[in-house]
Amino acid sequence: MTSPYPPTVERRAAIVADVLRAYAAWGPGSVVGGEWNSIRREARQTLLTALDAADASALDTILFNHVARVEWCGLWSPMQVLEYDVATWAALVGSQVSVDSLKDESGRFYPDTPRHDLDARWLTGLGVRRVLEIGGGYGGLALRLLQHRPAIRCVDIDLADTLYLAYGFLAARLPAGAVTLGYDPGAAISLVPDCRVPTEALGAFDVAVNFRSFGEMGRDDVARYFALIEALAPPVVVHENAALRPADEPDTTHVSHPELLIADYPPLPSYTVRAQTVPPWIAGQSRYIRQKLVRHRGAPSWG
């Protein structure tokens, strides 16, 4: 399920209009911690200035100009990390799949694409049908899930500011109506702001996932998401986050935001850790772990 890229001028204008309508309803959202409030503070202000002014031209540049995205949105992985990730992906997937399948329309890699692709292969291979992603960022995992299994349904809950950018990325690559700002049971991907989660309307999920963003939140924010998980009661929760604090690093770009360690998370009383592994990726390899938690009552209907 994809659309020709780049989108037409008319399609770009429609996407920008959708974002402006959502901003009129949602506003900028609240940012307590995380990358928006540290390494991307200037980027956030640029985005909000365009949104506040309803400046369609400036917003078009932000959403669709690769150079702008590289310069201020941080949507590209450091090359040395990316090279290792691609090599790791190739070793795990095998020679039957070309690395070119990970590249974007211009032959480049989006950040974390090897990781997103492996997780999408794993989840779709298990037969997962509905995925709740908390902190989906620019939408890379959701897009990969849809590419591997077009019938899958994803709900991504994140900060409103992040969702405006995610919508630009996804809507430019998917048919009209496949991705929505706000929950739509008929959409392949629903982008839901953390301040407006229609818990009762979301229905049941096979799995809830979070990759490296719980640690960017405050403990109260994680507790709020854990309460949402408890209410939605997916049979399995998978997350990958920091277990140790970062050592001194010459490049502080990736450690400038606060980190909440897994040991300091609030309780998730209905779940038990079933498995714990060290991810194969180079970035933070020695301090990140992946946990699979299973709900006490009921078994997953997949896998």
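Quick caveat, the model's predicted, so the values are computed rather than measured. Along each chain, the written sequence defines residue order, and numbers are assigned to residues from 1. For this predicted model, a pLDDT threshold of at least 70 governs which residues receive local features, and a threshold of 80 or more governs which side-chain atom pairs are given and counted, while totals over whole chains, interfaces and linings are taken from all residues. Side-chain figures throughout are based on the complete set of non-hydrogen atoms in the structure, without hydrogens or water.

What is the right way to read the pairing of strand 6 (residues 236-242) from this model?
The two faces of the sheet receive side chains in turn, since in a regular strand these alternate between them. Counted residue by residue, strand 6 has seven buried out of seven residues, so it is predominantly covered. Bridge count between strand 5 (residues 207-211) and strand 6: five bridges; the pairing is parallel. For F211, the partnering residue across the bridge sits in strand 6 and is E240. Relative to strand 8 (residues 288-295), strand 6 is paired through seven bridges, and the arrangement is antiparallel. Counterpart to H239 in the pairing with strand 8 is Q291. Type-normalised accessible area, obtained with a 1.4 Å probe on protein chains alone, sets the label of each residue: buried when under 20%, exposed when over 50%, and partly exposed for intermediate values. Numbering of helices and strands runs from the N terminus; a helix is a DSSP stretch of H or I covering at least four residues, while a strand is a stretch of E covering at least two. By this definition, two strands are paired if DSSP reports at least two bridges between them.

Honestly, the nonpolar core in this entry has me stumped. Any pointers?
Most often, soluble globular proteins have nonpolar side chains that are buried together. Here, nonpolar core means buried Ala, Val, Leu, Ile, Met, Phe, Trp, Tyr and Cys residues that are tied together by side-chain atoms lying within 4.5 Å of each other. Membership of the largest hydrophobic core comes to 49 residues, with the highest contact counts inside it found for L51 and I189. The criterion used for residue contact is that any of the two residues' heavy atoms lie within 4.5 Å. Setting aside residues no more than four positions away along its own chain, L51 makes contact with V19, L20, Y23, L59 and Y164. Among the nonpolar cores identified, the runner-up in size contains 24 residues, and A208, I229, L232 and L268 belong to it.

Just to check I follow, could you spell out helix 2 (residues 41-52) for this structure?
At 3.6 residues per turn, the α-helix brings residues three or four places apart onto the same side. Each residue after the first adds 1.5 Å to the expected span of a helix. An ideal rise of 1.5 Å per residue puts 16 Å on twelve residues; helix 2 measures up with 16 Å between its terminal C-alpha atoms. Burial in helix 2 covers these residues: A43, R44, L47, L48, A50 and L51. Projected down its long axis, helix 2 shows its buried positions confined to an angular sector of 160 degrees, all on one face. Opposite its buried face, helix 2 presents the exposed residues R41, E42 and D52, each directed more than 90 degrees away. One or two residues past the end of helix 2 sits A54, with phi positive at roughly 50 degrees. This arc is built from the directions going out from the helix axis to the C-beta atoms.

Quick question: what am I supposed to make of unusual backbone geometry here?
Glycine aside, negative phi is the norm for most residues, and most peptide bonds take the trans geometry. In this structure, A54 takes a positive phi of about 50 degrees despite not being glycine. Here A54 lies in the loop between helix 2 and helix 3 (56-64). Assessed through its relative accessible area of 48%, A54 is described here as partly exposed. Backbone geometry at A233 places phi at a positive 55 degrees, although glycine is not the residue there. By relative accessible area, which is 27% here, A233 ends up partly exposed.

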